[in-house]
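# Structural overview
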Amino acid sequence: GDATMAKEPSPQQMQAAMQQYQQQIAQQQQAKQLETIIEKCFTKCATKSGEKLEKKEQLCIGSCFDVYLETNKLVQEALVARGQRA
């Protein structure tokens, strides 16, 4: 009978699946971006090789990271604002 045949997903199910997929892609992109920021800040700030970061290196990395996050936030807000005007 009909019970064994696969049903077509509803438009709502399709939309929910697409949203979940887009969220996963966005999370992967954010993780990659975070990795890049950490690498750049570490390269910029960690001047001595050793087992531990010095206090000034830690502060530099923290400050560098904050600048990247603040910049990213401003860019996201600008893009959202631009999208609302379009």
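Okay, so let's go over this structure.

## Some words on the overall build of the protein chain
Per the secondary structure count, the protein chain includes two helices and zero strands. Rg of the C-alpha trace for the protein chain: 22 Å, well past the compact-globule value of 12 Å for 86 residues, more than 25% over. Expressed as a percentage of the 86 residues in the protein chain, the buried residues total 8%. For the protein chain, the accessible surface area stands at approximately 7900 Å², while carbon and sulfur atoms represent 56% of it.

## Thoughts on helix α2 (residues 55-85)
Between the first and last C-alpha of α2 there are 45 Å, a value that for 31 residues agrees with the 45 Å anticipated at 1.5 Å per step. Of all the residues in α2, the buried ones are Glu-57, Ile-61 and Cys-64. Against the buried residues of α2 lie α1 (11-45).

## Notes on the pattern of salt bridges
The tally for this structure, following the rule as stated, stands at one salt bridge. Here Glu-54 and Lys-48 are joined by a salt bridge, their closest N and O atoms 3.1 Å apart.

## Notes on the side chain of Glu-57
Here Glu-57 lies in helix α2. Within the buried set, Glu-57 has no salt-bridge partner at all; the shortest N-O distance to an opposite charge, 6.7 Å, is to Lys-48. Among the polar contacts listed, one links the side chain of Glu-57 to the backbone nitrogen of Thr-47, at a separation of 3.0 Å.

## A closer look at the state of the cysteines
This structure, assessed with the given rule, holds two disulfides. Two residues share a disulfide in this structure: Cys-41 and Cys-64, whose sulfurs sit 2.0 Å from each other. With the S-S bond torsion at -80 degrees, the cross-link from Cys-41 to Cys-64 turns out left-handed. Of the two residues, Cys-41 is situated in helix α1 and Cys-64 in helix α2; the sequence distance between them amounts to 23 residues. Disulfide pairing is shown between Cys-45 and Cys-60; the S-S distance is 2.0 Å. In this structure, the disulfide formed by Cys-45 and Cys-60 twists by about -60 degrees around the S-S bond and is classed as left-handed. Residue Cys-45 is located in helix α1, and its partner Cys-60 is located in helix α2; the two are separated by 15 residues in the primary sequence.

## Quick word on α1
Here α1 is 35 residues long and its end C-alpha atoms lie 50 Å apart, about the 51 Å a rise of 1.5 Å per residue gives. Of all the positions in α1, only Ile-37, Cys-41 and Cys-45 are classed as buried.

## Overview of the nonpolar core
Formed by Ile-37, Cys-41, Cys-45, Ile-61 and Cys-64, the largest nonpolar core amounts to five residues. Contributions of two or more residues to this core are made by α1 and α2. The element that contributes the greatest number of residues to this core is α1, accounting for three residues. Apart from the residues lying within four places of it in its own chain, the contact partners of Ile-61 are Cys-41, Phe-42, Cys-45 and Leu-53.

Calculation notes
- Residues numbered from 1 in each chain as written.
- Predicted model: local features only at pLDDT ≥ 70, side-chain atom pairs only at ≥ 80, totals over all residues.
- Heavy atoms only, no water.
- Helix = DSSP H or I, 4+ residues; strand = E, 2+ residues; numbered from the N terminus.
- Rg over C-alpha atoms; globule rule 2.2 N^0.38 Å.
- Buried < 20%, exposed > 50% of the residue type's maximum accessible area, 1.4 Å probe, protein only.
- Areas by Shrake-Rupley, 256 points an atom, 1.4 Å probe, with all protein chains shown as cover.
- Expected span 1.5 Å × (residues − 1).
- Contact = heavy atoms within 4.5 Å.
- Salt bridge = Lys/Arg side-chain N within 4 Å of Asp/Glu carboxyl O.
- Lys, Arg positive; Asp, Glu negative; His and termini not counted.
- Polar contact = N/O pair within 3.5 Å; in protein donor to acceptor, adjacent residues only side chain to side chain.
- Disulfide = S-S within 2.5 Å.
- Core = buried A, V, L, I, M, F, W, Y, C linked by side-chain atoms within 4.5 Å.

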